[in-house]
Amino acid sequence: MSEDKPRRILFTGAAGGIGTMIRPLLARLYPGLVLSDKVKPANLLTSETFVAADLSKPDEVAAAVKGAHSVVHLGGFSVEGPWDTILQANIVGCYNMFEAARQAGVKRLIFASSNHAVGFYPRKRKIGTDVTVRPDSRYGVSKAFGESIAALYADKYGVRSLCIRIGNLDTKVVDKRRMSIWLHPDDLVQLIRIGLDHPDVHYEIVFGASDNERGWWDNQ
């Protein structure tokens, strides 16, 4: 299913919680990952390279993206926080990433969105990916922005994008609430593979959730 091999794949947010959890899985599928974050991830493989980058600084983002075929963009501030923090990391930083990707000729970009982009829907019924965004926080607003800019760059510039509204990533369910939003690392990696390799991806939003019986979201 893949387009061009070998591909240079940039993986941002590599030192974060989700990045740390799925990096070994991705490394087996895509040898030679280029990792990026503000700090160097632990246990760097000999096949991996690291490029430090602050997402709020366009020159650093451009240097990280240079030569990349695809980007898996998990970088940013991963929880609710002060507006300026969210603005710089998740809005300015997301724009910098898509613009650098456009200028570098990146073919595909996987954007780590969040269920918080639609967090104010009542849990009385399942919702699909086509509902109007209803963010539940400044963090959720930043993820809705990321989905919108992904659409712009796909339609206007041809940067194919898959936005994954990630639920709760863990190897097991830890409480009743998270039975509805649980995402196993293997399933997240499967979604990333679809975004990187599926020939028909142009711009899509999917919920990042495993096949949970209590699930709140409909990916059909």
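Refer to the preceding data block for the structure.
Keep in mind that what you see is a predicted model, and the values were worked out from it rather than measured.

Participant: What is the right way to look at the environment of valine 141 in this model?
Facilitator: Within the secondary structure, valine 141 is located in helix H4 (residues 138-157). Given a relative accessible area of 38%, valine 141 falls into the partly exposed group. For the pair valine 141 and asparagine 90, spaced 51 residues apart in sequence, the C-alpha separation works out to 9.5 Å.

Participant: What am I meant to see in the side chain of serine 70 here?
Facilitator: The residue serine 70 is located in strand S4 (residues 70-73) in this model. There is a polar contact of 2.6 Å between the side chain of serine 70 and the side chain of histidine 69.

Participant: I'm lost on the layout of surface pockets in this one. Help?
Facilitator: With a probe scaled to a water molecule rolled over the atoms, the places where space remains empty come into view. Its boundaries defined by the atoms lining it, the largest pocket holds a volume of some 880 Å³. The wall of the largest pocket is formed by 38 residues, among which Leu74, Gly76, Phe77, Ser78 and Val79 lie closest to the centre. Residue assignment for the lining of the largest pocket shows that the elements contributing at least two residues are helix H1 (17-29), strand S2 (34-37), helix H3 (83-104), strand S5 (108-114), H4 and strand S7 (168-169). Looking at the lining of the largest pocket residue by residue, the class counts come to 12 nonpolar, 19 polar and seven charged.

Rules and cut-offs
- Every chain is numbered independently, its residues counted from 1 as its sequence is written.
- Per-residue local features are limited, in this predicted model, to residues with pLDDT of at least 70; the limit for side-chain atom pairs, both in listing and counting, is 80 or more; totals at the level of whole chains, interfaces and linings are taken over all residues.
- Computation of side-chain values: all heavy atoms of the structure, hydrogens and water removed.
- A helix here means a DSSP run of H or I that spans at least four residues, while a strand means a run of E at least two residues long, and both kinds are numbered starting from the N terminus.
- Whether a residue is buried, partly exposed or exposed follows from its accessible area with a 1.4 Å probe, protein chains only, as a fraction of its type maximum: under 20%, in between, or over 50%, in that order.
- Polar contact is defined as a pair of N or O atoms within 3.5 Å, subject to the rule that within protein one atom must be able to donate a hydrogen and the other to accept it, and that residues adjacent in sequence are counted only when both atoms are side-chain atoms.
- As defined here, a cavity is a set of points on a 1 Å grid over the protein atoms alone where a 1.4 Å probe fits but cannot get out. A pocket is an open set with protein on both sides within 12 Å along at least five of seven lines, and residues line them when an atom is within 4 Å of a point.
- Grid points are joined across faces, edges and corners, and a volume is the space filled by probe spheres set on the points.
- Residues are grouped as follows: Ala, Val, Leu, Ile, Met, Phe, Trp, Tyr, Cys and Pro are nonpolar; Asp, Glu, Lys and Arg are charged; every other residue, Gly included, is polar.

Note that every value here comes from positions in space, so none of it alone points to a role or purpose.
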